[in-house]
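Listed below are the residues making up each chain.
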Amino acid sequence: MWTLISATPSPYARKVRILLQEKGLPFELQTEVPWDSTTKTPQYNRLEKLPVLILDDGTSLYESHFIMDWLETRYPHPSLMPEGLDDRLFAKKVEVICDGICDALVLAFFEKMRDPDKQSQAWKDRQMRKADGGLQALASFVDQADGNEFLIDNKLTLADIAIGSVLGWLSLRWPDHQWKTTHPRLNVYFEGLDQRPTFADTRPSAQNITDQVV
Ligand SMILES: N[C@@H](CCC(=O)N[C@@H](CS)C(=O)NCC(=O)O)C(=O)O
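Reading guide: rules and limits
Residues numbered from 1 in each chain as written. Predicted model: local features only at pLDDT ≥ 70, side-chain atom pairs only at ≥ 80, totals over all residues. Heavy atoms only, no water. Helix = DSSP H or I, 4+ residues; strand = E, 2+ residues; numbered from the N terminus. Expected span 1.5 Å × (residues − 1). Buried < 20%, exposed > 50% of the residue type's maximum accessible area, 1.4 Å probe, protein only. Polar contact = N/O pair within 3.5 Å; in protein donor to acceptor, adjacent residues only side chain to side chain. Domains from an automatic or database assignment. Contact = heavy atoms within 4.5 Å. Buried area = accessible area lost by both parts, 1.4 Å probe. Salt bridge = Lys/Arg side-chain N within 4 Å of Asp/Glu carboxyl O.

Right, let's talk about helix H1 (residues 11–23) for a bit. Along an α-helix, a turn takes 3.6 residues, which lines up residues three or four apart on a common side. End to end, H1 covers 18 Å across 13 residues, agreeing with the expected 18 Å (1.5 Å per residue, within 8%). Of all 13 residues in H1, 12 are buried, a share of seventy percent or more. Those residues of H1 that fall on the buried side of the exposure criterion are Pro11, Tyr12, Ala13, Arg14, Lys15, Val16, Arg17, Ile18, Leu19, Leu20, Glu22 and Lys23. The backbone nitrogen of tyrosine 12 has a side-chain oxygen 3.3 Å away, supplied by the residue at the start of H1, namely serine 10. Where H1 terminates, the next one or two residues include glycine 24, which has phi positive at roughly 70 degrees.

This part covers the domain arrangement of the protein chain. For the protein chain, the assigned domains are domain 1 (2–74) and domain 2 (85–200). Look at where the C-alpha atoms of domain 1 and domain 2 centre, and you get two points 20 Å apart. Across the boundary between the two partners, domain 1 contributes 14 residues, which contact 22 residues of domain 2. Taken over both partners, the interface formed by domain 1 and domain 2 buries close to 1500 Å², and the fraction arising from carbon and sulfur atoms is 60%. Looking at the side of domain 1 facing domain 2, the largest losses of area belong to Tyr12, Arg14 and Glu22, adding up to 34% of the total buried there. Our enumeration of links across domain 1 and domain 2 arrives at 5 salt bridges. Taken together, domain 1 and domain 2 are joined by 8 residue pairs in polar contact (both at pLDDT 80 or more).

Inspection of the secondary structure assignment puts threonine 8 in the loop between strand E1 (2–6) and H1. Relative accessible area serves as the criterion here: at 25%, threonine 8 is assigned to the partly exposed category. With sequence-adjacent residues up to four places away left out, threonine 8 is seen in contact with Thr31, Pro204, Ser205, Ala206 and Gln207.

Rendered as C-alpha cells:
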C-alpha cells in the first residue's frame with residue numbers, strides 16, 4: 001500500500017490527496033507536522049517538504065506538481081488533465097499560479113510568526129502582493145469560464161484541484177483576507193468545488209507547530 005505523508009492544512013498535499021481519490025488509487029495517509037523535528041519527511045525527501053508519496057518498493061516521490069504528473073502519467077484513467085494540448089498546458093499554468101500563491105503566503109505566514117519588532121513589513125507586503133496578483137489571475141480565468149462548474153471544458157481537471165486547494169487554505173489561514181468580496185465569482189466557483197466529495201473529504205484544518213521555526 002502506498003503511503004502519503006501529508007499535513008492537515010497543506011494545500012500542496014491536498015492536491016495529491018484529491019487526485020488519488022479521484023483516480024480511485026488506495027493509499028494510507030500519514031499526517032505529520034512538517035515544521036516539527038518529529039516529522040519523518042527528511043527521511044524520504046532531502047528537501048524536507050511534504051507531500052511525499054512512498055511507493056510499495058520504498059521509492060519516494062515529492063514536489064506536489066511532480067507527484068501529480070507522475071500519477072497522471074502512470075494512471076491516466078480517469079484523466080484529470082484536459083484533452084487538447086493548449087488546455088493541458090493551461091491547466092499546468094494554473095497549477096503554477098496556485099503553487100506560487102501558496103509559496104508567497106507561506107513566506108508571509110512565517111514572517112508574521114517572528115517577533116513583532118523583527119518583522120519586515122516590506123517583505124510581508126511583497127509576498128501579499130504576489131498572492132493578490134495570483135488571485136487576480138485565477139479570478140480572470142474563472143470569469144472566462146463564464147459560470148461553469150469547472151474551469152476547462154466544464155470537466156474536473158488538475159486546474160480545479162489546484163485552485164480549490166489554494167483557496168481552501170487561504171480561507172483557513174487568512175480568514176480576514178478580502179478575496180471573497182474582491183472576486184465574488186471566484187468564490188461562487190470555489191464554493192461549488194468545495195461540495196464535491198473529494199474536496200469535502202480533504203478540507204484543511206490547522207495544526208499546532210511546536211518547534212520554533214523562525
Ligand atoms: N513546492 C513544494 C512545496 C511543499 C511545501 O512547502 N510543503 C510544506 C508544508 S505545506 C512543508 O513541508 N514545509 C516544511 C519546510 O519547508 O521545511 C510542493 O509543491 O510540494
